[in-house]
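Commentary on secondary and tertiary structure
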2 protein chains.
Amino acid sequence: MLSIDRAGGTPWHRQLYDILRAYILQGRLVPSSPLPSTRALAEQLGIGRNTVIRAYDQLLSEGLIEARSGSGTRVAMLFHQPPSAVRGAPHSLRMSRRGEILARRAQPARSPGSVNVQPGVPESATFPFAIWTKLLARNARRRADDILGYEHFSGHSRLRAAIARYIGVARGVDCLPEQVIVVTGAQAGLDLAARTLIDDGDTVWMEEPGYLGARNAFLSSGAKLSPLRVSREGWRLDDHRLPRPDLIYVTPSCHWPLGSIMRMEERQRLLAIAEKSKAWIIEDDYDGEYRLRGRPIPALRGLDMSGRVIYVGTFGKTLFSSLRIGFIVVPRELSAAFDRAVSITGQFAPLILQCTLADFIEEGHFARHLRRMRRLYARRQEDFFELCSRQLGSWLSISHNDSGMQFMGKFTGQLNDELVASAALKRGVHVQPLSINFHATRPEHGLLLGFAALNELEMKRAVTRLRATFEDFERRLSR
Amino acid sequence: MLSIDRAGGTPWHRQLYDILRAYILQGRLVPSSPLPSTRALAEQLGIGRNTVIRAYDQLLSEGLIEARSGSGTRVAMLFHQPPSAVRGAPHSLRMSRRGEILARRAQPARSPGSVNVQPGVPESATFPFAIWTKLLARNARRRADDILGYEHFSGHSRLRAAIARYIGVARGVDCLPEQVIVVTGAQAGLDLAARTLIDDGDTVWMEEPGYLGARNAFLSSGAKLSPLRVSREGWRLDDHRLPRPDLIYVTPSCHWPLGSIMRMEERQRLLAIAEKSKAWIIEDDYDGEYRLRGRPIPALRGLDMSGRVIYVGTFGKTLFSSLRIGFIVVPRELSAAFDRAVSITGQFAPLILQCTLADFIEEGHFARHLRRMRRLYARRQEDFFELCSRQLGSWLSISHNDSGMQFMGKFTGQLNDELVASAALKRGVHVQPLSINFHATRPEHGLLLGFAALNELEMKRAVTRLRATFEDFERRLSR
């Protein structure tokens, strides 16, 4: 709102002072909120810095603002509170029922300053940032038409083609570029698929235990969830308590959180159930790239003859998680509909990052990085498994699996994993409690330990701190 | 799925050939889909290029793939179609009711190769891309913790603080950084607010005429819309046909598409209605920055004492539209809930762009760019208004307003604007028909003309082509 009348007779410093004073007294600038630096404000208004300094000086002298060394200039705390400062909590700021579901339970976020042993976090220290930055800068400098405005909301044609080619070869998913819908990460993909495919009251078979983010997306779309039980032995597709599904959510290449792999026979049975029920299948291939031993397991989508499998993929686990680019593969008949849907949900990724990623894939950097990470993660898994078994074996029973970024340790005793996780966080280790992945059955307790991002030192530090945490619990229990 | 067994006895070129052949015959690689270049595939598999060439040669000789000069290697069209190629349209690929609403009518997208006279498109030729790129590269090279993983899903703390400071000064919106929820553009903000605040069957007062993107977001959240009529004279808040609202959507600083500004008296009445009805107000401030004459109109949010106004802002119109960063300002009591909600919808923006934007604002580039654009747009508006009045005056009655990026031209005769717009597109001019903004009342026909991105040459070209389009219609009508 700040603007100076250059033609008027009032001196500029006086105009500025008048405006700021009014804002403070009206409470539009709230007590203790910071003011821009004199230099920044002068710049912004296109006036001399001395003019701003004069206006600030006058406000300072009236006690309307305060300058503290080091923390800049702030609006003073006034005795007579301006109206905005006394605004109480409004009476009935009610969210919708859907909003309350959305707000109920979040994905676990990062905790800064701790060793991050959360699952699903890729190594970033060895990511080729120099190359990435070069490609990014090249695309930022390009002012071409295709990077400045959207031709298709569902993604830049170059990236869609690169993804289609890549998942064809790497994941056995054959599709046309137009079937690839680029979104802001796998979570956005799950949310978009849920909203466009599920009606209120529809039945969703949700893996139990299963991925919280998917569960939240289905619930907020109004789905009724039925638990599809999964164990180390497989998927209980013959469970007669299950009602006819409208949608089935699975992680067949590497079950979250157990790490099981769906057998071919189960895959075929699952496809037959979907076909018979006319149900959708959402295949969340969050970890498909990272099978460390043996050949990667082909995606379920490659077996699907009926177009009922929606494939969800992400670059957040293969590149870095804050990239925010994921994708879903939809039936050809629905690709135009998804293009329109994503224009309304706004879940489309910035074109500059899309073009940079297309370059990164096309020029072979992605494949090279993946290969390097596969080797690195295999080594780290061995090391971390050994370290954990040796140091934490009395408290954790660790299942070694072939997945690439985390493993599961079940508690041998009767500890509560949320308590253990928050005690560990106080000691500077961020782990995920296993029980948050159980929703319909009695939760098992344990930890999901992500090792992909940990170097040798961090591994040792994490294990030492976890050991101390467990010892602490043991002492308390024995008292 | 492609991987080479390095220990086995089978020669590598033979393994590669076997796999590719099976994929083609199974239809996993579909006819005419491109294969990676020999160099890229060799790189990816970590084998010699000659090995790949041998495998490709064998496939070529069997007619399974084709090499055309210039377009690389592709899977051949086989006579016996592999199973995937005969997959018909699946019987019942049904979207949800919500999905059908989402897919019904999209935002207008860009059309490449034409003069883009669509509204809301900012100038990009003079955007300081060199500075932007420098800041972007600096952030890409930084491997700091805060840029690699999310601490808060609702945005990087530096950007949230910069936005809060900026809208405090520039738009009279006082809020704490934690009330700013950073999302992937204004459309995502509208969608997020609609989902979290509206239940199925809730009543939304929607401006009539009004913004299609907002309308779509409300409809897909299950709202029942009631038209809040707006004309050049103002908002018909006293319309007794309107039921009690649960949410009211307004563009008070510059009505879309009419350009009207909400008077203080109307603002106060609107706030009183919301307070009495315990309704939310969504203030879409899409164009608030660009008032070209007189002082900018303060945001409605600045007058709100009850915390009922959700403010929606965007950088897509002040920087460039493919940036995909917007934000909403929510009541303090709900900021934690919105943080969790956005973790499920996945509408959070990439941290690297968030940090770059924070730098861009903090270092004064944003304010400087805005100032420059305001002057440029004022000049362009004058020029384009004059040009259109002179050349198109017989067909268009143009209202001159103070908004910064587009004006409205109503047809003087009985033309259908969707027909005119598509005829204009064939002549290489992309304009928006006015009638798509009417939903509940008889549509007026005309064009929304965006001038912000047009240089002198493009303006002339656009007007000449529009004139030819109109003359064409005239000839047809007179026949």
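Below is a summary of the structure that appears in this document. These numbers were taken from a predicted model, which means no experiment stands behind them.

Re helix α2 (residues 38-45) of chain B
Since there are 3.6 residues in each turn of an α-helix, residues three or four apart along the chain are aligned in direction. All names here are of chain B. Residues T38, L41, A42 and L45 constitute the buried set of α2. All buried residues of α2 lie within an arc of 100° about the axis, which places them on one face of the element. Just downstream of α2, G46 is the residue with a positive phi angle, here 70°.

A word on a positive patch on the surface
Residues R6 of chain A together with R372, R375 and R379 of chain B make up a contiguous surface patch of positive charge. The partly exposed category is assigned to R372 of chain B, whose relative accessible area is 38%.

As for the pairing of strand β9 (residues 280-284) of chain B
Residue and element names in this part refer to chain B. Most of β9 sits out of view: five of its five residues are buried. Side chains of β9 alternate between two faces, with W280, I282 and D284 and I281 and E283 buried alike. Note that the unit made of strand β8 (residues 247-250), helix α11 (residues 264-277) and β9 has a crossover that is right-handed. Inspection of the sheet shows β9 paired to strand β10 (residues 309-314) by four bridges, in the parallel sense. Within the sheet, the bridge partner assigned to E283 lies in β10 and is Y311.

Quick word on the interface of chain B and chain A
Between chain B and chain A, the residue contacts involve 120 residues of the former and 119 residues of the latter. Around 10,700 Å² of area is buried between chain B and chain A when both sides are counted, 55% of it from carbon and sulfur atoms. The interface formed by chain B and chain A contains eight salt bridges. A salt bridge links R368 of chain B to E43 of chain A; the nearest nitrogen and oxygen atoms lie 2.6 Å apart. Summed over the shared surface of chain B and chain A, the result is 28 residue pairs in polar contact (both at pLDDT 80 or more).

A few points about the relation of the copies chain B and chain A
These two copies of the chain differ by a rotation about an axis and a displacement along the same axis. Note on the identical chains: chain B maps onto chain A by a rotation of 180° and an axial translation of 0.0 Å, with an RMSD of 0.1 Å. Both copies are brought into coincidence by an operation consistent with a two-fold rotation axis. Here 98% of the contact residues of chain B are again contact residues in chain A; the copies associate through an equivalent surface.

With respect to the state of the cysteines
Residues and elements named next belong to chain A. Taken as a whole, this structure holds zero disulfides over all chains when the rule is applied. Considering cysteine sulfurs only, C388 is the nearest to C254, which forms no disulfide, with 17 Å between them. Owing to a relative accessible area of 7%, C254 belongs among the buried residues under this scheme.

Examining unusual backbone geometry
All names here are of chain A. At the junction of E208 and P209, the peptide bond is cis and its omega measures out at -5° in the coordinates. Along the polypeptide, P209 turns up in the loop between β5 (203-208) and α9 (212-220). Cis rather than trans, the peptide bond between W256 and P257 has omega equal to 5°. If you trace the backbone, P257 turns up in the loop between β8 (247-250) and α10 (264-277).

Considering the pattern of salt bridges
All names here are of chain A. Scanning the entire structure with this criterion turns up 53 salt bridges over all chains. The salt bridge partner of E444 is K410, with a shortest N-O separation of 2.7 Å. Here E444, found in the loop between β15 (432-433) and β16 (446-450), pairs with K410, found in strand β13 (residues 406-411); they are 34 residues apart in sequence, far enough to count as distant. Since its relative accessible area comes to 32%, E444 is described here as partly exposed. The exposure class of K410 is partly exposed, given its relative accessible area of 28%. One continuous salt-bridge network, built from bridges that share partners, spans R138, R158, D359, E362 and E363.

Scoring rules and cut-offs
One numbering rule holds for all chains: residues counted from 1, following each sequence as written. Going through the entries in the order they are written, you letter the chains from A and number the ligands from 1. Two thresholds apply to this predicted model, a pLDDT of at least 70 for residue-level local features and 80 or more for giving and counting side-chain atom pairs, whereas whole-chain, interface and lining totals are computed over all residues. With hydrogens and water excluded, all non-hydrogen atoms of the structure serve as input to the side-chain values. Note on classification: 1.4 Å probe, protein chains only; a residue is buried when its accessible area is under 20% of the maximum for its type, exposed when over 50%, partly exposed between these limits. Helix and strand assignments come from DSSP, with helices taken as H or I runs of at least 4 residues and strands as E runs of at least 2, each series counted from the N terminus. Directions from the helix axis toward the C-beta atoms define the arc. Excluding any residue in a salt bridge, patches collect residues exceeding 30% relative accessible area, merging like charges within 9 Å and nonpolar Val, Leu, Ile, Met, Phe, Trp and Tyr side chains within 5 Å. Every accessible area reported is derived by Shrake-Rupley at a probe size of 1.4 Å, with residue values counting cover from the shown protein chains alone. Salt bridges are identified by distance alone: a Lys or Arg side-chain nitrogen within 4 Å of an Asp or Glu carboxyl oxygen. Asp and Glu are treated as the negative residues and Lys and Arg as the positive ones, with His and the ends of the chain left uncounted. For the purpose of locating charges, the reference atoms are NZ of Lys, CZ of Arg, CG of Asp and CD of Glu. For crossovers, right-handed means that the path from the first strand over the helix to the second runs clockwise, given strands pointing away from the viewer. Here, strands pair whenever DSSP counts at least two bridges between them. We call two residues in contact when some of their heavy atoms are within 4.5 Å. Once two parts are brought into contact, the accessible area they lose, counted with a 1.4 Å probe and summed over both, makes up the buried area. Pairs of N or O atoms within 3.5 Å make up the polar contacts considered here, provided that, within protein, one atom can donate a hydrogen while the other can accept it, and that residues adjacent in sequence are counted only when both atoms are side-chain atoms. Each copy is superposed on the other by least squares, with the fit set by C-alpha atoms of residues at a pLDDT of at least 70 in both. Two cysteine sulfur atoms make up a disulfide if the distance between them is within 2.5 Å.

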